[in-house]
Amino acid sequence: MLTPEERTEIEAEFPHYPNRKAVCIDAMKIVQKHRGWLSDEALDDIGELLGMSSTDLDGVATFYNLLFRRPVGRHVIYLCDSVSCWIMGGDQQRNHICKRLGIASGETTADGRFTLLPVVCLGACDHAPVMMVDQDTHRDLTPEKIDQILEQYD
Amino acid sequence: MPDDKPLTGNMRSDGVALDLKAYERAGGYEGLRKALGGMTPAAVIEEVKDSNLRGRGGAGFPTGLKWSFIPDKAPHPRYVVANGDEMEPGTFKDRILVELDPHQLVEGMILAGYATGADIGYAFLRGEYTVGAERVARAIAEAYEAGYLGKDILHSGYSFEIYLHLSAGRYMCGEETGLLNALEGKRANPRAKPPFPPASGLFGKPTTINNVETLCNVPHIIRNGAGWYRGLSRSKDGGTKIYGASGKVKRPGLWELPMGTTIREIIEEHAGGMRDGLQLRGLLPGGASTDFLTGEHLDAPMDFAGVQSVGSRLGTGTMIILDDKTCPVGMVSNLEHFFSQESCGWCTPCWSGLGWAERILRAMEEGRGKPGDLEKLAFQARFWAPGHTFCALAPGAAEPLQSALKHFRADFERHIDEKRCPWK
Amino acid sequence: MATVHVDNQRYEMDDKQNLLQACLQLKMDLPYFCWHPAMGSVGACRQCAVKQFKDESDQHGKIVMACMTPVTEGARISIQDAEAVEFRAAVIEGLMINHPHDCPVCDEGGECHLQDMTVMTGHNYRRYAFEKRTFRNQNLGPFLNHEMNRCIQCYRCVRFYREYAGGNDLNAFALRNIVFFGRDKDGVLENEFAGNLVEVCPTGVFTDKTLKQHYTRKWDLQMAPSVCVHCAVGCNITAAERYGMLRRLVNRYNGEVNGYFLCDRGRFGYEFVNSQRRIRKPLRHGQPVGLEDARAGLRKLAAGGAIGIGSPRASLESNFALRSLVGADYFFAGIPGREAALLKLMLEILGNGPAPAASLREIEHSDAVLVLGEDVTNVAPRMALSLRQAVRQQPMEIAERLRIPLWMDHAVREAVQDEKGPLFIAAASATRLDDVAAATFRGAPDDIARLGFAVAQALDPAAPGPEDLPGQTRELAARIAAALKGAKRPLIVSGPSLGSAAIIQAAANVAWALAGAHLAFTAAEANSMGLAMMEAPALDAAQAATAETAIIVENDLYRRLPAAEVDQLLARFGHVVVLDHLENATTAKAELLIPAATFAEGEGTLMSSEGRLQRFFAALSPTEPVEPSWRLLGGWNTLDEIIRALAEAMPQLAAVREAAPAASFRMEAAKIPRQPHRYSGRTSMLANISVHEPKPPQDADSPLSFSMEGNPKQPPGALQPFFWTPGWNSYQAVNKFQEEIAGRLEAGDPGVPMFASGGGGHAFFNAIPAAFEARAGEWLLAPLFHIYGSEELSREAPAVAELGPQPYVALNPEDAAQFGDEVELMGQRFRVSRIAELPRGVAGIPAGVPPFAGLELPAWSKIQPIQ
Ligand SMILES: Cc1cc2nc3c(=O)[nH]c(=O)nc-3n(C[C@H](O)[C@H](O)[C@H](O)COP(=O)(O)O)c2cc1C
Ligand code: SF4
Ligand code: FES
């Protein structure tokens, strides 16, 4: 069941689109914001409100990279793996994060604190390498800086 | 406002966005008042046509002309969509526009709406632009409060709504018809063209889609006139352009400069030249999906015709610079990995060819390249030519690959011959 | 028309088409995947690339997708251009990158469009040297096998399933080169037309799971043109045999009827033919006897005075043979009086009224539809698929205004969005077409009829209407009338399912009150209409007949009347003779039981609910003692003889002769082979019995031969055993047999439609029933139909049976509030199913599902709580 909060937030999107199906991406983002990821139940809940099947929703959810169909850690690290960051040593930063957290790209730490995901160019190429943690963009990464940043998220 | 930098000249250096007051102080919404106060929609379109503004999203389509494609008798609702997906690697210009001066975009959208008789606008931003999203949302709210949005704007009888949509993330959402599908809550596959969005676009209705930077130019054009705008430029294409440079230059960054500023001037003066000890080997002039240029092309003006004349495209105008200590094969491998990852999976040359090319390049980087690989890559790049594929993603992917094979052929051959990456 | 140059040759092409369709129509070989003749173009696979030149002097040209390019006057294209050839080879090379190359163990092998196109395109060598992507397959239920590694990402499956058939539990997942086509979780595919994926998917991803149980290569199948026996729509099928067993059915194209698609009951119901419960030997008092013995016994009993009870699931010929054997006065239609009267009424309306009967093609092109009293998906499934396309007709005008060619499928859908043309459904409960209906009405049969009468009156004040209609219903009637009136090709769908003459009469009034409307009636069984045309008295009358013997042909009377009544009826006769395929309650009462051929083993003619006479032919060579009933009943040596006699005796059915050419028909002096000339093992397949190759069985009843010898060229449509042409081994070969792609078969669409043009004048029906009133403690039992479960023969196919319902009693939740989870009805306990769409006072029970099978519905009955 959708929580009243989730429901209200989703319904607030209804007037923005001429039909309910168009709201599905917003709806999935809203539910993911509250639950961390989109479980099968989450899709069923959303589908009920929007008149869509879970298969309809899953076809959309699996297309987009910011919608998660598997659980993620409390914090998601999106590390840019595109060209400017690559030139500026993005791979080394990735290796550093992996080593520090003991995970490979795409994995979640055993304590459920971080998930590391590669992401397309974050549009801050003049400050490469770049990563986002949750909603925050962090620029000009160095191993030392990364260590400091990660400390801020528990 | 420094007259020569209409887009960025008012931005604060502390990273705080201009609010409505500050925006108005700098002349904001004067263009809108002028348009609603006495210009017909057709006159607005004429002004924009006259200004020689061409789209900043990559393809450079003349903006006024695009707007004129919405027939007078077209049905309602009509839509305006601001394309702020900005996932083209190496491109970071729209981010500052939405983060530092969001009202400029809002006003541009309203003007585009007025010109095309639109009822609703969607500001489509990539999901990672959380700061920009907050600020655009705030600007929209302020504009509603000030009567610039909503019913009967400034008592002109014209009504327009703007909604913000945050993407769930895919490069294909930047392709204008993929974007329409994304807004409709669908997989962002591209649509067939024709029909073009002005005839059948969002929700099947007439739709105008413009890049964020394109729209941000419009308030200034209407306020100061087409002649003024053309005068900002050093070339036939009107106005200024936000250029950028990333890679190992001394001062990577963004600069709003007259359209037609040369590559050399951008790199050497504004970006401060290459970092010490490094030489320029090549550059992608306008994002990932443009052909490599090399040192011999530096005097080309960065406008649509100028870059084309030396064998590439202006694209987004934000260049990525390859230095002589960075492996060109690795760079192309990174690029093709990106394109392959982001292929929507609709048409065969794209989903199958990009995956194949990506694997060949990765193998090459890892010392597993084979004789014949270069022919396969060249073949793939031809396979992805415009018209061969359903949308422009794969043709875009072909550009860096085909040009790298031309300019850096020896580097590819060394990888195969030495069975390793010589840079590692 | 337009003049187009293809490789410098001049052709005339239809300028409403795209270049791919037009080239195929001219019988050129141009490979394709994502385009489908019924679903149009989307430009995904890029396989149909050709070179287009601006004009004669253009030496370069550019690559275009033929399927996305309209035919235009003066166009110049090249299929053979070197760059186009190279491009198409590159496409298939790309498609094959991940393909497992498992043709030898793939069910699709030998009839695979991907194989054909790979050969046609000349892709021979594998250059891709990296790992392939692999998927986990899903269990999609009893009908379809899933093998995703073979997928070439053409998107046809989801386009058919979601966009064409309206399903929402199959989708494309993920993106790039790892798109997965399936469900979000394992589970039975819910859509009734899922089985078409077998033919829609160009490779072996979706294959027939029932075929897998007794797999045979297509080229080893002996095939015959046949007609589906699982409802009255009359879809054309190809039945396929090997080693004396029916292996599978596939769609057989008929431009006027089923086109490219079947329903799953029709496709997978065939396994009743192979059932363990088939009657394989004549039995007298339960003891096996020889066939000659049995026939002699039958003749003797008939001579001693017998009545004959025919059947709506037996052919015209078998019914007629029975009638001839016992005499017209002693022949009874094997259906209850109420159903017989309804059929008669429908025949009169179609035969004499001004509204012609609609073929499925016409249904598909209707632009406003009223369904009165039918749950089409569960009664006449394939018709529902056509109705689903009909709702697109009006909205497609939006696309036309935007000059979007109608074959540009996605562009049309994007322009049209969720707009639906007017489809109104008045039914006893929810139906599977409600999702595309403009409005639905739920009511008891009488209330549905009243709505219909009101619509007719709103259209033509001369038509009588109910006086005291609730305001809401009156408004709905006005809305329906306006929509029908505003349409160019309006259609009224109705039928006998709710046992109401008033509904059928109301439907006729509506059709007659409109100019140019078509009528589409459903009927219960494959030959219900044909039987009714024979004008025999109904089963009720047999209860008064006196004779020593009753001969019952292909009819389980226990599905017609309550058991006690059947017991009573049968007790009146000294001897009961039954001819049938499967053991049932009636065969259990037979003194003499003779095995009757199914559609797969014999031939005959059926009349569909459209009034189309269609012939089916044996796919299995006849193996004694299983013979068609008409032959067992005696008097005629060949099918042609009985058909001649039938036509003479019953002028109203004289057209039966034209349903297919007579047995003497020859293609250039040769018969038409049922076996493809790639058929293997002919000389050795019976070597375990005898090393001498037996002479192929002779077929005196048809122009078809039980062998690979003969003339395989294009025979008349009704005699087409399978579609094959060099290079086109898959079902897509049908392209080469059509006059126009997706249009008529070149050799004629099979069947003779008897009611294709309306009759003369009419007088409106005026017996308007009173409004339904619920009763206290009693409910009106109404049948709820189930595509899987309501029909007698398909119930015996294990895959279909698996999806059928258990008996239940459905009630409106408010009515059900007084009961627990079970109720008592007819002295038995049943599960309660709460259905909000059911009107108060009406109880739904599953039609045709024991123990309800013999009830004549609707009927009032008490329902009691469980003590
Ligand atoms: C794969 C792909 C991605 C694109 N991404 C963007 C984008 O992020 N932002 C953008 O403005 N245009 C993008 N474009 C270009 C748009 O399709 C379209 O041309 C542009 O938004 C039109 O705006 P303009 O006329 O103002 O340039 C992309 C095109 C392709 C083929
Ligand atoms: S499963 Fe078959 S129909 Fe569907 S995309 Fe794959 S190959 Fe095409
Ligand atoms: S058949 Fe033309 S692109 Fe697929």
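Before reading on, note that the structure itself is shown above.
Nothing here was measured: the structure is a model prediction, and the numbers come from that model.

Colleague: Tell me about the overall build of chain A, residues and numbers included.
Modeller: When you go through chain A residue by residue, the secondary structure sums to seven helices and four strands. The helix and strand sequence of chain A, counted from the amino end, reads α-α-α-α-β-α-α-β-β-β-α. Counting only C-alpha atoms, chain A reaches 50 × 30 × 25 Å along its principal axes. In chain A, which comprises 154 residues, the proportion classed as buried is 58%. For chain A, restricting intrachain contacts to residue pairs at least 6 apart in sequence, the fraction spanning at least 24 positions comes to 59%. Of the roughly 6500 Å² of accessible surface on chain A, a fraction of 49% belongs to carbon and sulfur atoms. Of the charged side chains in chain A, 15 are positive and 25 negative, and the gap between their average positions amounts to 1 Å.

Colleague: Hey, could you go over the overall build of chain C for me, with residue numbers and the actual values?
Modeller: In terms of regular secondary structure, chain C is built from 25 helices and 36 strands. Here the C-alpha radius of gyration of chain C, 28 Å, is about what a compact globule of 867 residues would show, namely 29 Å. Each principal axis of the C-alpha atoms in chain C carries an extent, and together these give about 85 × 75 × 55 Å. Classification of the 867 residues of chain C by burial places 66% in the buried group. Within chain C, contacts between residues separated by at least 24 positions form 74% of all contacts whose residues are at least 6 apart in sequence. Total accessible area on chain C stands at roughly 29800 Å², and carbon and sulfur atoms take up 50% of it.

Colleague: So what about helix 13 (residues 381-390) of chain C? Which residues, and what values?
Modeller: Residue and element names in this part refer to chain C. Of all ten residues making up helix 13, ten are buried, and the element is well covered by its neighbours. Buried within helix 13 we find Pro381, Arg382, Met383, Ala384, Leu385, Ser386, Leu387, Arg388, Gln389 and Ala390. Buried residues along helix 13 sit in contact with helix 4 (156-164), helix 11 (360-364), strand 17 (368-372), helix 12 (376-379), strand 20 (490-494) and strand 21 (518-521).

Colleague: Any chance you could break down the site of ligand 2 for me, citing the residues and the numbers?
Modeller: Lining the immediate environment of ligand 2, one finds 13 residues, of which Cys151(C), Cys154(C), Tyr155(C), Cys157(C) and Cys201(C) sit closest. For the shell around ligand 2, a count of residues per class yields ten nonpolar, two polar and one charged.

Colleague: Lay out the nonpolar core with the relevant residues and their values.
Modeller: Among the nonpolar cores identified, the biggest contains 211 residues, and Ile10(A), Met28(A), Leu50(A), Tyr64(A), Met331(B) and Phe412(B) are the most heavily contacted of them. Per element, the largest residue contribution to this core is eight residues, and it comes from helix 14 (residues 348-365) of chain B. The residues touching Met28(A), leaving out its near neighbours within four places in the chain, are Leu38(A), Leu43(A), Ile46(A), Leu57(A), Val60(A), Ala61(A) and Leu67(A). Core analysis: the second largest hydrophobic core is formed by 104 residues, Ala439(C), Ala454(C), Met650(C) and Ala655(C) among them.

Colleague: Explain the packing of helix 5 (residues 93-100) of chain B against helix 9 (residues 212-224) of chain B to me, and be specific about the residues and the numbers.
Modeller: Residue and element names in this part refer to chain B. Packing of helix 5 against helix 9 brings their axes to within 9 Å, and their N-to-C directions diverge by 50 degrees. With respect to helix 9, the element helix 5 is oriented oblique. Counting all contacts with helix 5, which are made through Lys93, Asp94, Leu97 and Val98, the residues of helix 9 involved are Val212, Glu213 and Cys216. Partitioned by chemical class, the residues of the contact of helix 5 with helix 9 number four nonpolar, no polar and three charged.

Colleague: Lay out the sheet that holds strand 3 (residues 49-53) of chain C with the relevant residues and their values.
Modeller: Residues and elements named next belong to chain C. Strand order in the open sheet formed by five strands is 2-1-5-3-4, with mixed pairing between adjacent strands. The open sheet is flanked by strand 2 (9-13) and strand 4 (62-65), the only strands paired with a single partner. Each neighbouring strand pair of the sheet contributes to a mean axis angle of 40 degrees, computed without reference to strand direction. Helix-sheet contacts for helix 2 (residues 82-95) involve strand 3, strand 4 and strand 5 (76-78), and the interaxial angle to strand 3 is about 155 degrees.

Colleague: How would you summarise the site of ligand 1 if you had to cite specific residues and measurements?
Modeller: Residues and elements named next belong to chain B. Lining the immediate environment of ligand 1, one finds 18 residues, of which Gly57, Lys66, Glu86, Asn211 and Thr214 sit closest. At a separation of 2.9 Å, an oxygen atom of ligand 1 approaches a polar backbone atom of Glu86. Between ligand 1 and Thr214 there is a distance of 2.7 Å, counted from an oxygen atom to a side-chain nitrogen or oxygen. Protein chains bury 90% of the 610 Å² of accessible surface belonging to ligand 1 in isolation. Element by element, the count of residues in the shell around ligand 1 is highest for strand 4 (residues 207-211), at three residues. Of the residues that constitute the shell around ligand 1, the class distribution is five nonpolar, seven polar and six charged.

Colleague: An account of the interface of chain C and chain B is needed here, citing residue identities and associated values.
Modeller: Tallying the contact residues gives 41 residues for chain C and 40 residues for chain B. With both sides pooled, the region where chain C packs onto chain B buries about 3400 Å², and carbon together with sulfur makes up 58% of that total. Joining chain C to chain B, the criterion identifies three salt bridges. The residue Glu86(C) makes a salt bridge to Arg382(B) at a minimum N-O spacing of 3.5 Å. There are 15 residue pairs in polar contact (both at pLDDT 80 or more) connecting chain C and chain B. Of all elements in the fold, only strand 4, helix 2, strand 7 (171-173) and helix 15 (409-416) of chain C reach the threshold of two or more residues within the side of chain C that touches chain B. Sort the elements by how many residues they give to the side of chain C that touches chain B and helix 2 of chain C lands first, with eight residues. For the side of chain C that touches chain B, the per-class residue count stands at 26 nonpolar, seven polar and eight charged.

Colleague: Describe the interface of chain A and chain B, naming the residues involved and giving the relevant values.
Modeller: At the junction of the two partners, chain A supplies 38 residues and chain B supplies 52 residues. Both sides together, the interface formed by chain A and chain B hides about 3600 Å², and carbon and sulfur atoms give 59% of it. Contact with chain B buries area across many residues of chain A, yet Phe63(A), Trp86(A) and Ile87(A) alone supply 19% of it, more than any other trio. Across the chain A-chain B interface, the total number found is zero salt bridges. When contributions to the side of chain A that touches chain B are tallied by element, the ones reaching two or more residues are helix 2 (24-35), helix 4 (54-61) and helix 5 (83-87) of chain A. Classifying every residue of the side of chain A that touches chain B gives 22 nonpolar, ten polar and six charged.

Colleague: Residues and numbers for the pattern of salt bridges, please.
Modeller: On inspection of all chains with the given rule, the structure shows 90 salt bridges over all chains. Notably, a salt bridge pairs Glu46(B) with Lys49(B), separated by 3.8 Å at the nearest N-O pair. On the criterion of helical spacing, the pair formed by Glu46(B) and Lys49(B) is a turn pair, its members being three residues apart in helix 3 (residues 41-50). Asp220(C) is paired through a salt bridge with Arg242(C); the nearest N and O atoms lie 3.9 Å apart. Here Arg242(C) lies in strand 11 (residues 236-242) and Asp220(C) lies in the loop between helix 6 (209-212) and strand 10 (222-227), a separation of 22 residues in the sequence. Both residues of the pair, Asp220(C) and Arg242(C), count as buried.

Colleague: Report on empty space enclosed by the protein, specifying residues and quantitative values.
Modeller: The probe, sized like a water molecule, is rolled over the atoms to show the empty space still left. All names here are of chain C. Overall, the coordinates contain 13 cavities of 30 Å³ or more when judged by the stated rule. Of the volumes computed, that of the largest cavity is approximately 710 Å³. If you go around the largest cavity, you meet 31 residues; those closest to its centre are Glu339, Ala524, Glu525, Phe785 and Ala847. Broken down by secondary-structure element, the contributors of at least two residues to the lining of the largest cavity are helix 10 (337-352) and helix 12. Looking at the lining of the largest cavity element by element, the count peaks at three residues for helix 10.

Cut-off values and rules
Residues numbered from 1 in each chain as written. Chains lettered and ligands numbered in written order. Predicted model: local features only at pLDDT ≥ 70, side-chain atom pairs only at ≥ 80, totals over all residues. Heavy atoms only, no water. Helix = DSSP H or I, 4+ residues; strand = E, 2+ residues; numbered from the N terminus. Buried < 20%, exposed > 50% of the residue type's maximum accessible area, 1.4 Å probe, protein only. Contact = heavy atoms within 4.5 Å. Areas by Shrake-Rupley, 256 points an atom, 1.4 Å probe, with all protein chains shown as cover. Lys, Arg positive; Asp, Glu negative; His and termini not counted. Charge placed at Lys NZ, Arg CZ, Asp CG, Glu CD. Rg over C-alpha atoms; globule rule 2.2 N^0.38 Å. Near = heavy atom within 4 Å. Nonpolar A, V, L, I, M, F, W, Y, C, P; charged D, E, K, R; others polar. Core = buried A, V, L, I, M, F, W, Y, C linked by side-chain atoms within 4.5 Å. Axes fitted to C-alpha atoms, helices over the stretch in contact; angles between N-to-C directions. Parallel < 35°, antiparallel > 145°, perpendicular 65-115°, else oblique. Pairing = 2+ DSSP bridges. Polar contact = N/O pair within 3.5 Å; in protein donor to acceptor, adjacent residues only side chain to side chain. Buried area = accessible area lost by both parts, 1.4 Å probe. Salt bridge = Lys/Arg side-chain N within 4 Å of Asp/Glu carboxyl O. 1 Å grid on protein atoms, 1.4 Å probe; cavity = no way out; pocket = protein on both sides within 12 Å on 5 of 7 lines; lining within 4 Å. Points joined across faces, edges and corners; volume = space filled by probe spheres on them.

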